[in-house]
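Each chain, written out:
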Amino acid sequence: MDADTLSSMSHDEVNLAWRDVTYEVPVKVKVEPAKQKTGVADSDANNATPPEDTHKRILHGLSGHVRAGQVVAVMGPSGSGKTSLIHVLGGRRESGVTGSFVINGVKYPNTRTLLGDLGYVTQEDVLLNSLTTKETLMFATRLRLAGRKVSGIAGKPTSRAKAIEDIVERAIDDFDLSRAANSPIGVVGQGGISGGEKRRLVIAMECVHRPKLLLLDEPTSGLDATTALLVVNKLREIANGEQGSAHRAAVVTSIHQPRSSIMPLFDQCVLLADGREVYAGPTYTANPDGSLSTNGVMGWLDDVGYHCPMFESPPDFLLDLINTRVDEPEVDAVDGEGAKIAVAEGGGLAIRDRSAMVRKLTEWWAKSDRRKAYLADGDTIAKMDAVRNNDEDVGKDNARRHWAVTWIARYNALFGRTFLYKLREPSAVMSQAVNSVALPLIIGSLYYNTPLTVSGAGDRLRAISLIVLMQSFSAFDQLLLFPKERGNYLHESNGGMYPTSAYYMARILVEMVTIVLFAIVCAVIAYEMFGLSDSGEARMEFYCIIVAVTVAGASFLTMVGTLCKTFEQTNAMAATMLIVLMLFDGNWINRRNIPVYYRWLPDVSFIGYAVEGAVASDFKRHSFTCTERAIAEEGCVPLTGDQYLRMLDFDPDSTWPMFWLLVLVSACYRIVAFFALHFMWTGQTYAERWAKLIHSSA
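Residues numbered from 1 in each chain as written. Predicted model: local features only at pLDDT ≥ 70, side-chain atom pairs only at ≥ 80, totals over all residues. Heavy atoms only, no water.

### Overview of the packing of helix H14 (residues 427-446) against helix H17 (residues 500-530)
The following threshold applies: With axes taken as lines fitted to C-alpha atoms, and helix axes fitted only over the stretch in contact, angles between N-to-C directions fall between 0 and 180 degrees. Helix and strand definitions here come from DSSP, where helices need a minimum of 4 consecutive H or I residues and strands a minimum of 2 consecutive E residues; each element is numbered from the N-terminal end. Here the angle decides the label: under 35 degrees means roughly parallel, over 145 means roughly antiparallel, 65 to 115 means roughly perpendicular, and every other value means oblique. Only heavy atoms matter for contacts: two residues are in contact if any of them lie within 4.5 Å across the pair. In the scheme used here, Gly and all other residues not listed as nonpolar or charged are polar, with Ala, Val, Leu, Ile, Met, Phe, Trp, Tyr, Cys and Pro taken as nonpolar and Asp, Glu, Lys and Arg as charged.
Where H14 meets H17, the closest approach of the two axes is 9 Å, and the angle between their N-to-C directions is 10°. Of the possible angle classes, the one that applies to H14 and H17 is roughly parallel. Note on element contacts: H17 touches H14 through Thr514, Ile515, Phe518, Val521, Cys522, Ile525, Met529 and Phe530, opposite Val429, Gln432, Ala433, Ser436, Val437, Pro440, Leu441, Ile443, Gly444 and Ser445. The residue inventory of the contact of H14 with H17, partitioned by class, reads 13 nonpolar, five polar and no charged.

Structure, rendered in structure tokens:
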């Protein structure tokens, strides 16, 4: 049997075995203070004890395997560890994981080596709702195949664009998405494609590169019974190599409570409860006439004394048996050790102590001959010849593109997708248009043609300060940009679709187009309505300062958005910090009068840089006179522009130094935002994220 199994396995396909896999997560445990004796003061009795760091084990020494051409179902009640096992097998969890993974005869500490041949479908549909089904598949294909050389169908020579288009059309046909091909994805219940179409689309996105290992986390959740059956049938076809692939795929899927007609589609099932194996092995076995027998998981339960009652669904019976998170009526019957686990009325189980039941089942399984036979079957994967010949290696290298070409291809695909998405989501663009057109017109009408008098100089200062402040906030949508898209980014980047650098560069450059365009419009309106200097050089300086502060403000908001986890945190942090920076821009308080403990703040206020640079550019070209009334009533004294600037503690020659300071702080904000995006709020350790940053160019 082993010889036959070995001969059927190929290095062109993926055969995976995992052994003794455990997974732990750190948790904080509050230590209760020791009980105090009577008479001890309340203050002593209530002394707080700091929480202790400990670890919670999610998976307990799991072993299993999957071969090419097989569909393995991971089953169990909620909280049993199904999703955690899928995460571990997909390389999405590395910290806290122990055990070994054998891939085609080679032992590895994790499955990251399979990243290029892996498809990973999450429980949540991570999609851009304004794109159509075909556009979504097109961009996914361009990203997935960016590092590979692509040929036409049946190896016919053709252009890369035509080959990718053919792959997309074939995926649309294979996954029955023709009716939804040109429909926006939308939101379920608010227009768009159906839930079943959305699920098939997500699976299609993970199959366009013909993965050798396909992992799915509850792909049938939220679907009706018929649609769920269609989805699992599609997984069966993918495993069999019936989706236009030249190879079979190994498929592992978690599934919560499948209908009876779905169970025979699974070659094997892994039954989990509280992170432990209750069963792992064939779902059913085939009789000589080709029919299916119950000598699989149901046969094992028969062996240990739990027979599925007539007319009850086997999957429901399985999950009811090991579900430790439901309440049952009390039952008086007990087993030999006193555990109340008796069978009760109506043909169904009524188990008083389900945790005791799970413990007994896991103990029975650990000692069973079926488990020994199952592990021996999986050990044949470790016996595969791990050495590839030189021709195979050369073929693989020739199929890869240079890393720089790959990066550019991914960047181009991301830029096109982001640009199209932004065009379909005009709300952010409209808010920027209002801030950069309507508000400057209102402010300009208030400060229209400010006079060149001493009192008018104060108005000019306030007008310029208002425009700078408004432009600092104009790209407020940047604040929520990355928190909103973090789930999509993490799913795609962890799946090897692109490195953080390509995504980040594409995203900020698309945003930069509208930011710079509206900043120029704002600068032109404000400059002409305020009646600033007629000098062409002064105009250029003012335009540059306004564009620079708008970019700096957008960069600052982007940085805050990546540093914070929730929308509420980003709003609170950004508003507070921008107001503080505004107070020290030179308009609200003279810099000479700032308390000594705050005097460092003007040096870090990018709003202050812009106000000083813009005011200096205009004021140094003017002299401010006094009206007769101001002379008579206030004793006004005429001032040159340089004198007024010195009074504000501004440097008359600071325009270009302030501009370059704005460029510098923008770059610093962007760099901080990049690392915050890559390292923070990812659900992974810094060591894992650092490894992905170093190897992300591949």
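The structure having been displayed, the exposition proceeds.
### Re helix H3 (residues 82-89)
Put simply, the rule reads: The buried label goes to any residue with under 20% of its type's maximum accessible area, the exposed label to any with over 50%, and the partly exposed label to all in between, with areas taken from a 1.4 Å probe on protein chains only.
Buried residues dominate H3, accounting for seven of its eight residues. Among all positions of H3, only Lys82, Ser84, Leu85, Ile86, His87, Val88 and Leu89 are buried.

### Some words on the environment of Leu420
Tracing the chain through its elements places Leu420 in helix H13 (residues 403-424). C-alpha of Leu420 to C-alpha of Val510: the two residues are 90 residues apart in sequence and 9.7 Å apart in space. Non-local contacts of Leu420, meaning those with residues more than four positions away in its chain, are made with Leu131, Glu135 and Phe139.

### Some points on the sheet that holds strand E7 (residues 213-217)
Each strand in a sheet pairs with another by means of backbone hydrogen bonds, the pair being arranged parallel or else antiparallel. Spelled out, the test is: Two strands form a pair only when DSSP identifies at least two bridges running between them.
Read from one edge of the open sheet, six strands run E6-E7-E8-E3-E9-E10, paired in mixed fashion. The strands lining the two open edges of the sheet, one partner per strand, are strand E6 (118-121) and strand E10 (276-282). Shown here is a sheet whose adjacent strand axes are inclined to one another by a mean of 10°, direction ignored. Strand direction decides the pairing type here: E6 and E7, joined by four bridges, are parallel. Bridge pairing links Leu118 to Leu213 in E7.

### Focus on the nonpolar core
Selection criterion: Here, the term nonpolar core denotes a set of buried Ala, Val, Leu, Ile, Met, Phe, Trp, Tyr and Cys residues that are joined through side-chain atoms within 4.5 Å.
Formed by 173 residues in total, the largest nonpolar core has its most connected members in Leu137, Phe542 and Phe606. Ranked by the residues each element gives to this core, the list is headed by helix H18 (residues 536-563), at 13 residues. Those residues in contact with Leu137 that sit more than four places away from it in its chain are Val168, Ala171, Ile172, Leu177, Leu201, Ala204, Met205 and Val208. Ranked by size, the runner-up nonpolar core spans seven residues in total, among them Met512, Ala519, Val547 and Val551.

### What to know about the packing of helix H15 (residues 454-473) against H17
Stated precisely, the cut-off is as follows: By definition, any crossing whose near helix is turned counterclockwise from its far helix by less than a right angle is left-handed, and any crossing with a clockwise turn is right-handed.
In contact at an axis separation of 11 Å, H15 and H17 are set at 170° when each is read in the N-to-C sense. Taken together, the axes of H15 and H17 are roughly antiparallel relative to one another. Crossing of H15 over H17 shows right-handed handedness. On H17, the residues that touch Arg460, Ala463, Ile464, Ile467, Met470 and Gln471 of H15 are Ala519, Cys522, Ala526 and Phe530. For the contact of H15 with H17, the class distribution of residues is eight nonpolar, one polar and one charged.

### Notes on the layout of surface pockets
For clarity, the cut-off: Both cavities and pockets are sets of points on a 1 Å grid over the protein atoms alone; in a cavity a 1.4 Å probe fits but cannot get out, in a pocket the set is open with protein on both sides within 12 Å along at least five of seven lines, and lining residues sit with an atom within 4 Å of a point. Grid points are joined across faces, edges and corners, and a volume is the space filled by probe spheres set on the points.
The volume enclosed by the second largest pocket comes to roughly 360 Å³. Around the second largest pocket, the lining is made up of 17 residues, and of these His87, Arg92, Thr122, Glu124 and His491 lie nearest the centre. Counting residues per element, the ones that place at least two in the lining of the second largest pocket are H3 and helix H16 (481-494). Here the lining of the second largest pocket gets four residues from one element, more than from any other, and that element is H16. Of the residues assigned to the lining of the second largest pocket, the class counts are three nonpolar, ten polar and four charged.

### Comments concerning the side chain of Arg19
As a reminder of what qualifies: In protein, a polar contact requires one atom able to donate a hydrogen and another able to accept it; more generally it is a pair of N or O atoms within 3.5 Å, and residues adjacent in sequence count only if both atoms are side-chain atoms.
Among the structural elements, Arg19 can be located in strand E1 (residues 16-29). Engagement of the side chain of Arg19 in a polar contact is seen with the backbone oxygen of Gly64, the distance being 3.1 Å. Excluding residues that lie within four positions of it along the chain, Arg19 makes contacts with Leu62, Ser63, Gly64, His65, Gly99, Ser100, Leu375, Gly378 and Asp379.

### Observations concerning the side chain of Lys422
The residue Lys422 is located in helix H13 in this model. For Lys422, a relative accessible area of 9% translates into the label buried. In terms of polar contacts, Lys422 uses its side chain to reach the side chain of Glu511, at 2.9 Å.

### Here's the deal with the state of the cysteines
Selection rule: In this description, the term disulfide denotes a pair of cysteine sulfurs within 2.5 Å.
Scanning all chains against the criterion turns up one disulfide. Disulfide partner of Cys626: Cys636, at an S-S distance of 1.9 Å. Because the torsion about its S-S bond is -65°, the bridge between Cys626 and Cys636 counts as left-handed. Of this pair, Cys626 sits in the loop between strand E13 (623-624) and helix H21 (628-634) while Cys636 sits in the loop between H21 and strand E14 (639-640), placing them ten residues apart in sequence.

Fair warning: the whole summary comes from geometry, so function is off the table for now.
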